[in-house]
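Listed below, chain by chain, are the residues.
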Amino acid sequence: MVWAKMKFPFEKRVKLAQGLWLLSWLAIVGGALNFCFGCFLKTEIRRRTEVMDNSNIHIVPNTLIVSGLAAIGINYFAGQICQDALDVGRFPRWKTFLKPYCCCAIIFTSLTLIGVILSFTMRSSLEGSLQVGLRNALRFYKDTDTPGRCFQKQTIDHLQMEFRCCGNNDYRDWFEVQWISNRYLDFSSKEVKDRIKSNVDGRYLLDGVPFSCCNPSSARPCIQYKLTNNSAHYNYEHQTEELNIFVRGCREALLSYYTALMNSIGAGVLLLFLVVLASLRYLQTSMEAVIGQENTEIETEGYLLEKNVSETIVEYLNPVMKLLLLNQVQDGLVKAEAGAQPE
Amino acid sequence: MAVLRVKFTKGQRDKLAQMLWLLNWVSVMTGIILFSLGLFVKVEFSKKEELMADRDFQPVLNLLIAVGLIACIINLLGGKICYDCVDTNKFLRWKLLILPYIICSFFFTGCMLVGALMCYSMQEELQESLAEGLRDVMRYYKDTDSPGRCFLKHTMDLLQIQFQCCGNRDHRDWFHIQWISNRYLDMSKREVVDRLHSNVEGKYLLDSVPFSCCNTNSPRPCIQYQITNNSAHFNYDYLTEDLNLWKRGCHQALVEYYTKLMHSTGSTGLLIWLFELSILTGVRYLQTAMENVLRQGDPESESDGWLLENSLVETARNNFNILKNLDSTA
């Protein structure tokens, strides 16, 4: 009992082969895109290692790169098979190669599927990672004279300007860290001394943010110091002012950026691969009936699976089980029974 | 006395035709490259059109785009012709069309050369246009409530952030204009009133710059107000501080960027022009060789190919006479 049977007259076979050839080239482009996207994601994550906590996230771009390369190889062969498929003389060349090839293709498509699923599940890990990373980066913003941390200021400034965000959760995170280094504070001034005494850790905290939080779309020149003090600025109200600085937090901004990137390519490429695989299977099965026949223009049947799904799974697992010697005990029992019966 | 006569055997003719077919396809690719380059430059110019006063750069840009497109079409046709030239029967189909095709292509490559050269001549106009445009945008920086000018603040801020520049010539340009709108000035304060009275036109001038002039490479938080006043900030010396604000002026930054863009487009255009000219020469040789084969009658024989049948002077005289006869019969 075949699964997913379809009839294929000669013209339909020709169209299937031609369409599949075109699709396999499209899928090569898809694989190349997948590969490039994996490389791009890897470099993007590398660029932001200072704001990310651990490196487990690298598994996502690595999977994408491997599956992209595999896709290019697989679909190149698919294209070659299609070109030879319509010429009955050349098709038998591929006959013995096709079954293992289809298995390989299924494995790699599953790998791509796993890659896509991983990139979705990694989202929460990415979020946690960014949370810790950004918190640290904010703390080390002022340490431009400490080797190893001297680029944090530049990184955070560029990040905030590029992603139009401010602070970790929002701009108030800047009120809780000292982001102005002691080198630039006049300790003889009363105001500075008061501020430092006003909190337990002796930090210089103020209700101000760095200039990179300033929103260029604001109608008025940027107000970055004394943000919560309405009387310090003319015609200014802290609660209603929305365009002055960026209100979004950088964690949210980065997260939505990476999620959008991952979504945009994963689903499309996967769909393309599944279609190519199914069409290739149909072509193979319909061509097999033609081999050896004199009249190559007869109608044949194509199918996805020879038996139905459960039987096919059993059929494929049996050799694997035998290899693992899991059937040994059962064989022994069967032999004992056969030995007992003739008696 | 033919100009640059070359002998072609049948094999050489076939090879020439095949090579020209391939080169024509490569030329279609380069035509597409020129077209996309022209489109890219047009988009880049339109992105900054608020900063360019009044001058019209559209003719040059449109010429580049048109040239790229026409190059694709001409080379597609050329490819088809060369593909057919291998077979003398198929060549007969094209016989009457080839000479006009070659003449048109020759004039077209002339247009391509003009377009490429015009890219180099734009620099001075560009400089003047940008100087005027930037001056206006800075003057209207504060007018975020006037329709038609409300985006200029956003444009200027993004420009200074993206190109890492400050002001027109340098950051001191901001000291001479009022970039804070009166809406945000507390007229009841004595300091504000004093400043307004301190100059003839009643403008609120400061030794300060907008936040977009801040240099991200600075080790200290940005100092944008009271820049020239050393005592207003701890451990600060205006004359020796170089990393605080962007040093370059936006005029210089933009001129450099656009000049580089136009020069690279011009160079690409010139390279493509040389390539097209060489293909055209090949096609001319192929055409004359094929015609001579037909004249001799034996398709397998050797034939001559040349650029012009008679010398340059004689060809010019012949064409001139033809035109004169046409004129007199009319």
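Residues numbered from 1 in each chain as written. Chains lettered and ligands numbered in written order. Predicted model: local features only at pLDDT ≥ 70, side-chain atom pairs only at ≥ 80, totals over all residues. Heavy atoms only, no water.

Visitor: So what exactly am I meant to see when it comes to the UniProt feature "transmembrane region" (unreviewed entry) in chain B here?
Guide: All names here are of chain B. With numbering matched to this structure, UniProt assigns "transmembrane region" (unreviewed entry) to residues 20-40, 60-78 and 98-120. Each end of residues 20-40 is marked by a C-alpha atom, and these two atoms are 30 Å apart; helix forms 100% of the span and strand 0%. Measuring from the first to the last C-alpha atom of residues 60-78 gives 26 Å, for a span that is 100% helix and 0% strand. (UniProt positions renumbered as here; feature names shortened; annotations may be inferred. Helix = DSSP H or I, 4+ residues; strand = E, 2+ residues; numbered from the N terminus.)

Visitor: I would appreciate a short explanation of the packing of helix α2 (residues 58-84) of chain B against helix α7 (residues 250-296) of chain B in the present structure.
Guide: Helices that pack against each other are described as a pair by the angle of their axes relative to one another and the distance between those axes. All names here are of chain B. At a closest axis distance of 12 Å, the pairing of α2 and α7 adopts a crossing angle of 25 degrees. Taken together, the axes of α2 and α7 lie roughly parallel to each other. Here α2 and α7 pass one another in a crossing that is left-handed. Residues Leu 61, Leu 64, Ala 71, Asn 75 and Cys 82 of α2 touch α7, and the partners they reach there are Met 262, Thr 265, Glu 276, Val 283 and Leu 286. Residues of the contact of α2 with α7, tallied by class, amount to 7 nonpolar, 2 polar and 1 charged. (Axes fitted to C-alpha atoms, helices over the stretch in contact; angles between N-to-C directions. Parallel < 35°, antiparallel > 145°, perpendicular 65-115°, else oblique. Left-handed = near helix turned anticlockwise from the far one by under 90°. Contact = heavy atoms within 4.5 Å. Nonpolar A, V, L, I, M, F, W, Y, C, P; charged D, E, K, R; others polar.)

Visitor: What should I look at first to understand the side chain of Asn75(B) in this one?
Guide: Residue and element names in this part refer to chain B. Mapped onto the secondary structure, Asn 75 falls in helix α2. By relative accessible area, which is 2% here, Asn 75 ends up buried. Excluding residues within four positions of it along the chain, Asn 75 makes contact with Asn 24, Ser 27, Val 28 and Glu 276. (Buried < 20%, exposed > 50% of the residue type's maximum accessible area, 1.4 Å probe, protein only.)

Visitor: It is not clear to me how the UniProt feature "transmembrane region" (unreviewed entry) in chain A should be interpreted in this structure. Could you clarify?
Guide: Residues and elements named next belong to chain A. In the numbering used here, UniProt assigns the feature "transmembrane region" (unreviewed entry) to residues 20-40, 60-78, 98-120 and 255-280. End-to-end, the C-alpha atoms of residues 20-40 are 29 Å apart, and along that stretch the chain is 100% helix and 0% strand. Along residues 60-78 one finds 100% helix and 0% strand; the C-alpha atoms at either end are 26 Å apart.

Visitor: For this particular structure, what's the right way to read the interface of chain B and chain A?
Guide: Accessible area lost during the coming together of the parts is what is often quoted as the interface size. Across the boundary between the two partners, chain B contributes 26 residues, which contact 26 residues of chain A. Approximately 2400 Å² of surface area, both sides summed, lies buried where chain B meets chain A, with 62% of it carried by carbon and sulfur atoms. Considering only the surface of chain B that becomes buried against chain A, Tyr184(B), Phe211(B) and Thr216(B) emerge as the three largest contributors, covering 27% of it. Seen at the junction of chain B and chain A, the total is 0 salt bridges. Joining chain B to chain A, the criterion identifies 7 residue pairs in polar contact (both at pLDDT 80 or more). Split by residue class, the side of chain B that touches chain A holds 13 nonpolar, 8 polar and 5 charged. (Buried area = accessible area lost by both parts, 1.4 Å probe. Salt bridge = Lys/Arg side-chain N within 4 Å of Asp/Glu carboxyl O. Polar contact = N/O pair within 3.5 Å; in protein donor to acceptor, adjacent residues only side chain to side chain.)

Visitor: Would you explain the nonpolar core in this entry?
Guide: It is characteristic of soluble globular proteins that their nonpolar side chains tend to be buried jointly. Core analysis: the biggest nonpolar cluster contains 51 residues, and Phe45(B), Met156(B), Leu159(B), Trp174(B), Val209(B) and Leu254(B) have the highest contact counts within it. Elements supplying a minimum of two residues to this core: α1 (10-47), α2, α4 (123-139), α5 (152-163), α6 (190-197) and α7 of chain B. Broken down by element, the residue count for this core peaks at 7 residues, all from α7(B). For Phe45(B), the residues in contact, after removing those within four places along its chain, are Met52(B), Phe57(B), Leu61(B), Met122(B), Leu126(B), Tyr258(B) and Met262(B). Membership of the second largest hydrophobic core comes to 48 residues, among which are Ile45(A), Phe175(A), Val177(A) and Cys222(A). (Core = buried A, V, L, I, M, F, W, Y, C linked by side-chain atoms within 4.5 Å.)

Visitor: Looking at this model, I keep getting lost on the state of the cysteines. Mind explaining?
Guide: Here, disulfide denotes a covalent bond that connects the sulfur atoms of two cysteines. One pass over the full model with this rule turns up 6 disulfides over all chains. If the cysteines joined by disulfides in chain B are listed in sequence order, their pairing comes out as 1-6, 2-3, 4-5. Bonded cysteines in chain A are paired 1-6, 2-3, 4-5 when counted in the order they occur along the chain. For Cys36(A), which is in no disulfide, the shortest distance to another cysteine sulfur is to Cys39(A) and amounts to 6.4 Å. We note that Cys150(B) lacks a disulfide partner, and the nearest cysteine sulfur, in Cys222(A), lies 19 Å from it. (Disulfide = S-S within 2.5 Å.)

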